[in-house]
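Here is how the chains run, residue by residue.
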Amino acid sequence: GQNIDQPTEMTATEGAIVQINCTYQTSGFNGLFWYQQHAGEAPTFLSYNVLDGLEEKGRFSSFLSRSKGYSYLLLKELQMKDSASYLCAVLETDSWGKLQFGAGTQVVVTP
Amino acid sequence: DAGITQSPRHKVTETGTPVTLRCHQTENHRYMYWYRQDPGHGLRLIHYSYGVKDTDKGEVSDGYSVSRSKTEDFLLTLESATSSQTSVYFCAIRDPGHSTGEQYFGPGTRLTVL
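Residues numbered from 1 in each chain as written. Chains lettered and ligands numbered in written order. Predicted model: local features only at pLDDT ≥ 70, side-chain atom pairs only at ≥ 80, totals over all residues. Heavy atoms only, no water.

Participant: Let's hear about the packing of aromatic side chains: which residues, and what values?
Facilitator: If you walk through the whole model with that rule in mind, you get 22 aromatic pairs over all chains. Between Tyr70(A) and Tyr72(A), the ring centres sit 6.1 Å apart and the planes meet at 55 degrees, which makes this aromatic pair tilted. Tyr72(A) sits in the buried class, given a relative accessible area of 16%. Residues Phe90(B) and Phe105(B) carry aromatic rings whose centres are separated by 6.4 Å and whose planes lie at 85 degrees to one another, so their mutual orientation is edge-to-face. Of this pair, Phe90(B) sits in strand E9 (residues 87–94) while Phe105(B) sits in strand E10 (residues 103–105); the two residues are 15 residues apart in sequence, bridging distant segments of the chain. On the accessibility criterion, Phe105(B) (9% relative accessible area) is buried. (Phe/Tyr/Trp six-rings, centres within 6.5 Å; stacked < 30°, edge-to-face > 60°. Buried < 20%, exposed > 50% of the residue type's maximum accessible area, 1.4 Å probe, protein only. Helix = DSSP H or I, 4+ residues; strand = E, 2+ residues; numbered from the N terminus.)

Participant: An account of the sheet that holds strand E3 (residues 19–25) of chain B is requested, with residue identities and associated values reported.
Facilitator: Residues and elements named next belong to chain B. The strand order across the open sheet formed by 4 strands is E1-E3-E8-E7, and the pairing between neighbours is antiparallel. Every interior strand has two partners, whereas the edge strands, strand E1 (4–7) and strand E7 (64–70), have only one. The mean inter-strand angle of the sheet, taken between neighbouring strand axes irrespective of direction, is 20 degrees. Bridge count between E1 and E3: 4 bridges; the pairing is antiparallel. Opposite Ile4, over in E3, you have Gln25 as the bridge partner. (Pairing = 2+ DSSP bridges. Axes fitted to C-alpha atoms, helices over the stretch in contact; angles between N-to-C directions.)

Don't take any of this as a statement about function, it's just geometry.
Structure (structure tokens):
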């Protein structure tokens, strides 16, 4: 199985940077996803890392270190609309594309 | 956006009654998944399907069954609903041929069991 940990809540100011950490202990690993979920809505895909290093996509970047079982999602130039829950999910090694999710990090952006 | 819908979007039912939730996709994706989401637990996999009539159990399958008779439809049934099954249920689809193979989620069904 998997154990995936991420902070419950983070607060940051509009225009600032926030880094959401995710650590995982797994019996298998085939990649890591980050999803964004606004209150009352479905999760939406943000990023995917399978190799070590940083993936940048506009204001959002995601980093992976497989040897450390660690990933982070970096949100830059925070906007009020970035207030949401951010979900870290590990892709299992079987061929069915199953994901194991962390409990999510609620990011609150204040003016 | 991926063409994925769920019905009903909201349902209130009583303990002991059967409930069926429907997930419908227009993307012809092979893989489909049912999750439940509860505070403090994140998304947990109930059942998944890797083709028509091919399904398997996930992490929290007790009390749930599924069926997939057509590529586009994946049904989740609570044979006898209990209050512990009050939750938000999400369906997801996945195209394994896509470069990143991410899952796309439906809008969710909020189920309340009284």
